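# Examining the three-dimensional arrangement
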Amino acid sequence: MSVLTNDYEQLEERIQVLSENWSNQLEVEALTNADVISGLKQYPIIPQLDLTINLDKFKSFILELSHLLKEHQPAVTDDINKIESTLSDEVLQRWSKEAIAVNIYYFEQYAQDLEVEDWLGLFLAEHAVRPFLRKISSEVKETIKEVDSCTGCPTCGEPARLAVISKSGKKELTCPRCDFTWEEKKISCAHCKTEEHADLEILTIEGDEKTQIHVCHKCNGYTKVIDVRRMIKKESPQLLDIKTIHLDYIAQENGYGITEGKDTH
Ligand SMILES: [Zn+2]
Ligand SMILES: [Zn+2]
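Quick caveat: nothing in here was measured; it's all calculated off a predicted structure.

## Focus: the sheet that holds strand 4 (residues 200–205)
- Read from one edge to the other, the open sheet built from six strands follows the order 3-2-1-6-5-4, with strand pairing classed as mixed. Each edge of the open sheet carries a strand with a single partner, namely strand 3 (181–184) and strand 4. With direction set aside, neighbouring strand axes in the sheet form an average angle of 30°.

Encoded structure:
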């Protein structure tokens, strides 16, 4: 069902393997302070934390990914070599901060200054920072309650766009960046929270019973909803999001969009 080229999907699958390995490397040390977390009254949590990212690990994740990318896309080898030569602790510190904040502007500027492909810096930084986001997300999971009013991920602030129907039949919003999962009413809009049946519509894809697009006529938002009970292989939210990118195209072609939960810049 996917519109992605096999090549791209293969790359993403390989990144996924790396990414799981990175997550395992972060398992031992806690990145957050339980007392600080329990004192926070607002969501999302991560922008309020004073995080110390282990720069050696962050750098090793970037280098492993850049190695994979060079192998997969030899055309960007020179650009990546250029980038690698800039990765001082100072730059890595900045990268981790700007990647967490999804500062697209910073990475575009960085790429322009270095005269490399626009997407490269953000691509490397975003993938390398996700294991840290996932670790934080798992640490704060128990303290995050009453997320009914949240319009994006309560942990990292990513706008909601993906939900799964879990084994128990519940609709759960799930974050492709940090893996945080939170339950949502089946008939409701993840963006403006309306529960009016007249405002909500379900778009179905012919020949694909696993996936739906829940759209809202009130705010024009949409959420991709995937019935994982019908899937043989369990996929991470990150891969589910990528493999259902055709649903984003369909939603956007029909005039729906994802509202940004907050200004991240
Ligand atoms: Zn998140
Ligand atoms: Zn809505």
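## Looking at unusual backbone geometry
- A cis geometry characterises the amide bond from tyrosine 43 onward to proline 44, with omega recorded as -5°.
- Although it is not a glycine, glutamate 115 adopts a positive phi angle of roughly 55°.
- Tracing the backbone shows glutamate 115 in the loop between helix 6 (104–114) and helix 7 (120–140).

## A short note on the confidence of the model for the chain
- Of all residues in the chain, 96% attain a pLDDT of 70 or more, and the chain-wide mean is 90.
- At the level of individual helices and strands, the chain shows its lowest average pLDDT in helix 2 (residues 34–39), which scores 83, and its highest in helix 4 (residues 77–84), which scores 98.
- Counted against residues more than four places away or in other chains, residues 261–265, with its pLDDT under 50, gives 11 contacts.

## Quick look at the coordination of the zinc ion (ligand 1)
- The protein atoms that coordinate the zinc ion (ligand 1) are Cys153 (SG), Cys156 (SG), Cys175 (SG) and Cys178 (SG), at distances spanning 2.3 to 2.4 Å.
- Geometry at the zinc ion (ligand 1) is tetrahedral, judged from its four donor atoms and the angles of 99 to 121° they form at the metal.
- In primary sequence terms, the donor set of the zinc ion (ligand 1) follows C-x2-C-x18-C-x2-C.
- Cysteine 153 gets classed as buried once you look at its relative accessible area, which sits at 1%.
- Owing to a relative accessible area of 5%, cysteine 156 belongs among the buried residues under this scheme.

## Structural notes on the pattern of salt bridges
- A complete count under the given rule lists 23 salt bridges for this structure.
- The shortest N-O distance in the salt bridge between arginine 14 and glutamate 71 comes to 3.1 Å. With arginine 14 in helix 1 (residues 6–25) and glutamate 71 in helix 3 (residues 55–72), the pair connects residues that are 57 residues apart, well separated along the chain.
- Ionic pairing is found between arginine 230 and aspartate 227, a salt bridge with its closest N-O pair at 3.5 Å.
- Take arginine 230: its relative accessible area is 48%, and that puts it in the partly exposed class.
- Look at aspartate 227 and you get buried, because its relative accessible area is 11%.
- By sharing partners, the salt bridges in this structure join Glu9, Glu13, Lys233, Glu235 and Lys243 into a single network.

Calculation criteria
- Residues numbered from 1 in each chain as written.
- Chains lettered and ligands numbered in written order.
- Predicted model: local features only at pLDDT ≥ 70, side-chain atom pairs only at ≥ 80, totals over all residues.
- Heavy atoms only, no water.
- Pairing = 2+ DSSP bridges.
- Helix = DSSP H or I, 4+ residues; strand = E, 2+ residues; numbered from the N terminus.
- Axes fitted to C-alpha atoms, helices over the stretch in contact; angles between N-to-C directions.
- pLDDT = per-residue confidence, 0-100.
- Contact = heavy atoms within 4.5 Å.
- Donors = N, O, S within 2.8 Å, 3.2 Å for Na, K, Ca; no water.
- Tetrahedral: all angles 85-135°; square planar, octahedral: opposite > 155°, others 65-115°.
- Buried < 20%, exposed > 50% of the residue type's maximum accessible area, 1.4 Å probe, protein only.
- Salt bridge = Lys/Arg side-chain N within 4 Å of Asp/Glu carboxyl O.

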